[in-house]
Amino acid sequence: MWLLFYTLFYKKKMLSRNFYILYTLAHLKQKANVRGTILGYLWWFIEPMMLIALYSYIVGVIFGHAGPDRILMIAIGITLWKWWSTSLSAATTSFRRYKGIVTQVKLPLSILPISEVFGQTYLFLFGYALLQSILLFMGYMPDLFSLMITFITTMVLISALSLVLALLNVFVRDTAFLVGFGLRIFFYITPIIYPKERVPEDYQWLVSLNPFSYLIDMFNVSLIYTNQVNLANHLIILMLSASVLLFILFLVQKLRMKIIRNI
Amino acid sequence: MSKKKVVELKNVTLEYTQSKSYSIKKLFLSKHERDKIIKESNSLRKAALNNVSMTFYEGDIVGIVGRNGAGKSSLCKVLSGVFAPTEGEFYSEVEIGSLLTLGSFFLRELSGLDNVYLAGALLGKNKREIEEKIESIIDFSELGESINNPIETYSSGMVSRLAFSIATSFRSDILIIDEVLSVGDKYFRQKCLQRMTEIIKGSKLIIIVSHSDHDIRSMCNRAVYLDKGCVLIDGSVGEVLQQYK
């Protein structure tokens, strides 16, 4: 009985320590990023705004597929993509960057890539707040419950992916280069600047095999097309993402020594 | 002995497995060049620790001496729990190991103050505990206003002063000091030694890696002489230092 208490208490203590490390890393990192810049956090608004304007011009004016809906979806997609791509590319090299911590301190290594995702989430929330106010202004009410599940699913899936990339990068250094242009390819094959219906039948597999397209879809229905929300669908994706995350967490723990030595 | 066991190593062997980094470049090299690379990349060097058995008790202040590459740092990493031994048993009461080579885990783009927070978090402190100590850390390290500048602007003396202040202020069960006492000016060194004698009372176990006879003689109550991954002597400070020379 006492042993049980002890284990619970001990686990809880370690868990809260790990969460505090996660928070500190994520928070401080973002602070360091904007140090010395004149516009500071504003950069996080400026870049997506420019991209949204650019892609709206290309899709709306040049290709002529515009409609207010389309522009909104582009805005949502680009804000999300910025969140994911910066998370993933930062996480890929995270073990290397935190070499000092990896080789000197005893802690679950998974914290390091995941802290990058959390740090970016932090910034994403600013962008999201802006986006949501525009949507509310235009009369779109989000489906809050669906949005919550979508958000959790995204955190889980992006964390899992960032762990995979970080782990790969320890053993195959080329991963960092691959991620650079891989993200660009994924940006275009994910239905972000075009609706997924426009993808021809023969190429639909590109959409259905792409995890990002599910996330984009989930956000779109939660934010705009709330009548199309399919919660069962959401939950299946959440379950799948969670099992991937658990597996990769287990794998990182298993390969701990190899990671420390190979870094 | 009635003293409480803190850490015990039984026949511990630590091997650096041949690190496998796959590279197409290697395919194009001649056999001679390949052998050279293997030698240089240290992957032939095998056991960093060879069949080491030791017990550390509460209150021990152990000085570790040995030539470069004798396995001192590897031993420290096993003790703090970063490395799991390849063979043998390792028993430890310590939950959170201390920082080893101080300062090497600092994030260079963060300010000194932020690094204090980070180090505190890594050592298992919460926000309140960290904030209690901040004042005294800044005081002791004599950094003054520069605490708000990023670490990359610091001189090496400033980095080690900050590192030492952090490590001795956030106390954990085990404190491992790997070659940090040798930096800093004479005045600060004096201050460090004084601080060490203060904290020695409260710590469970302190491990000091140093090449300085004086430091080990003045602080430790036990010493270990490592060579090529084996323990040559484990005994009193005088005995070990005499052999080491």
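Each remark here, short or long, concerns the structure printed above.
Residues numbered from 1 in each chain as written. Chains lettered and ligands numbered in written order. Predicted model: local features only at pLDDT ≥ 70, side-chain atom pairs only at ≥ 80, totals over all residues. Heavy atoms only, no water.

Colleague: What is the right way to look at the overall build of chain A in this model?
Modeller: Each helix and strand counted, chain A has 12 helices and 0 strands in total. Written out in order from the N terminus, the α and β elements of chain A read α-α-α-α-α-α-α-α-α-α-α-α. Based on the C-alpha atoms only, the size of chain A along its principal axes is roughly 65 × 45 × 40 Å. Expressed as a percentage of the 263 residues in chain A, the buried residues total 49%. (Helix = DSSP H or I, 4+ residues; strand = E, 2+ residues; numbered from the N terminus. Buried < 20%, exposed > 50% of the residue type's maximum accessible area, 1.4 Å probe, protein only.)

Colleague: Sorry if this is basic, but what is going on with the overall build of chain B here?
Modeller: Looking only at helices and strands, chain B has 8 helices and 8 strands in total. The burial tally for chain B puts 50% of its 245 residues in the buried class. Accessible surface, chain B: about 12000 Å² in total, of which carbon and sulfur atoms supply 48%. (Areas by Shrake-Rupley, 256 points an atom, 1.4 Å probe, with all protein chains shown as cover.)

Colleague: Just to check I follow, could you spell out the packing of helix H3 (residues 68-92) of chain A against helix H10 (residues 211-223) of chain A for this structure?
Modeller: The axes of two packed helices give the description: the angle between them and the distance between them. Residue and element names in this part refer to chain A. Running from N to C, H3 and H10 cross one another at 135 degrees; their axes reach a closest spacing of 10 Å. When the interaxial angle is binned, H3 and H10 end up oblique. For H3 against H10, the interelement crossing comes out right-handed. Judged by residue contacts, Met73, Ile76, Gly77, Leu80, Trp81, Trp83, Trp84 and Leu88 of H3 engage Phe212, Leu215, Ile216, Phe219, Asn220 and Leu223 from H10. Considered class by class, the residues forming the contact of H3 with H10 number 12 nonpolar, 2 polar and no charged. (Axes fitted to C-alpha atoms, helices over the stretch in contact; angles between N-to-C directions. Parallel < 35°, antiparallel > 145°, perpendicular 65-115°, else oblique. Left-handed = near helix turned anticlockwise from the far one by under 90°. Contact = heavy atoms within 4.5 Å. Nonpolar A, V, L, I, M, F, W, Y, C, P; charged D, E, K, R; others polar.)

Colleague: It is not clear to me how the interface of chain A and chain B should be interpreted in this structure. Could you clarify?
Modeller: How big an interface is tends to be stated in terms of the accessible area lost upon association of its parts. Contact with chain A, which involves 29 residues of that partner, is made by 38 residues of chain B. In total, chain A and chain B occlude about 2800 Å² of area from one another, counting both sides; carbon and sulfur atoms represent 59% of this. At the boundary of chain A with chain B, the tally comes to 1 salt bridge. In this structure, the salt-bridge partner of Glu109(B) is Lys29(A), at a minimum N-O distance of 2.8 Å. Along the contact surface separating chain A from chain B lie 2 residue pairs in polar contact (both at pLDDT 80 or more). Of all elements in the fold, only helix H1 (2-33), helix H5 (99-104) and helix H12 (256-262) of chain A reach the threshold of two or more residues within the side of chain A that touches chain B. Tallying contributions element by element places H1(A) first for the side of chain A that touches chain B, with 13 residues. (Buried area = accessible area lost by both parts, 1.4 Å probe. Salt bridge = Lys/Arg side-chain N within 4 Å of Asp/Glu carboxyl O. Polar contact = N/O pair within 3.5 Å; in protein donor to acceptor, adjacent residues only side chain to side chain.)

Colleague: Hey, could you run me through the side chain of Thr103(A) in this one?
Modeller: Secondary-structure assignment places Thr103(A) in helix H5. Here the side chain of Thr103(A) touches Lys99(A) through a polar contact of 2.9 Å, landing on its backbone oxygen.

Colleague: Explain the sheet that holds strand S3 (residues 60-65) of chain B here, please?
Modeller: Two pairing modes exist for strands in a sheet, parallel and antiparallel, and in both the strands are linked by backbone hydrogen bonds. Residues and elements named next belong to chain B. Spatial strand order, S5-S6-S3-S7-S8: 5 strands in an open sheet with mixed pairing. The open sheet has two edge strands, strand S5 (174-178) and strand S8 (230-235), and neither has a second partner. If you compare each strand with its neighbour and ignore which way they point, the axes differ by 20 degrees on average. Direction of pairing for strand S7 (residues 222-227) relative to S8: antiparallel, over a ladder of 5 bridges. Following the sheet pairing, Val224 is matched in S8 by Asp234. Sheet strands in contact with helix H6 (residues 186-200) are S3, S5 and strand S6 (205-209), and its direction is about 150 degrees off that of S6. (Pairing = 2+ DSSP bridges.)

Colleague: Before we go on, may I ask you to explain the pattern of salt bridges in this structure?
Modeller: Pairing of side chains with opposite charge becomes possible as their charged atoms draw close. Residues and elements named next belong to chain B. According to the stated counting rule, one finds 8 salt bridges over all chains in the structure shown. We note a salt bridge from Arg222 to Asp60, for which the minimum N-O separation is 2.8 Å. On the criterion of sequence distance, the pair formed by Arg222 in strand S7 and Asp60 in strand S3 is long-range, its members being 162 residues apart. Comparing Arg222 with Asp60, the two get one shared label, buried. Among the ionic pairs, Glu132 bridges to Arg128, the shortest N-O distance being 3.3 Å. In this pair, Glu132 and Arg128 both sit in helix H4 (residues 127-141), 4 residues apart, roughly one turn of the helix. Each member of the pair, Glu132 as well as Arg128, is classed as exposed. What emerges from the salt-bridge pattern is a single network uniting Asp60, Arg222 and Asp234.

Colleague: Looking at this structure, how should I read the sheet that holds strand S4 (residues 87-92) of chain B?
Modeller: All names here are of chain B. The strand order across the open sheet built from 3 strands is S2-S1-S4, with neighbouring strands paired in antiparallel fashion. Edge positions in the sheet fall to strand S2 (47-57) and S4, since each has one partner strand and no second. Strand after strand, the sheet turns through a mean of 15 degrees between neighbouring axes, direction not considered. Relative to S2, strand S1 (residues 5-15) is paired through 7 bridges, and the arrangement is antiparallel. Bridge pairing links Leu9 to Met54 in S2.

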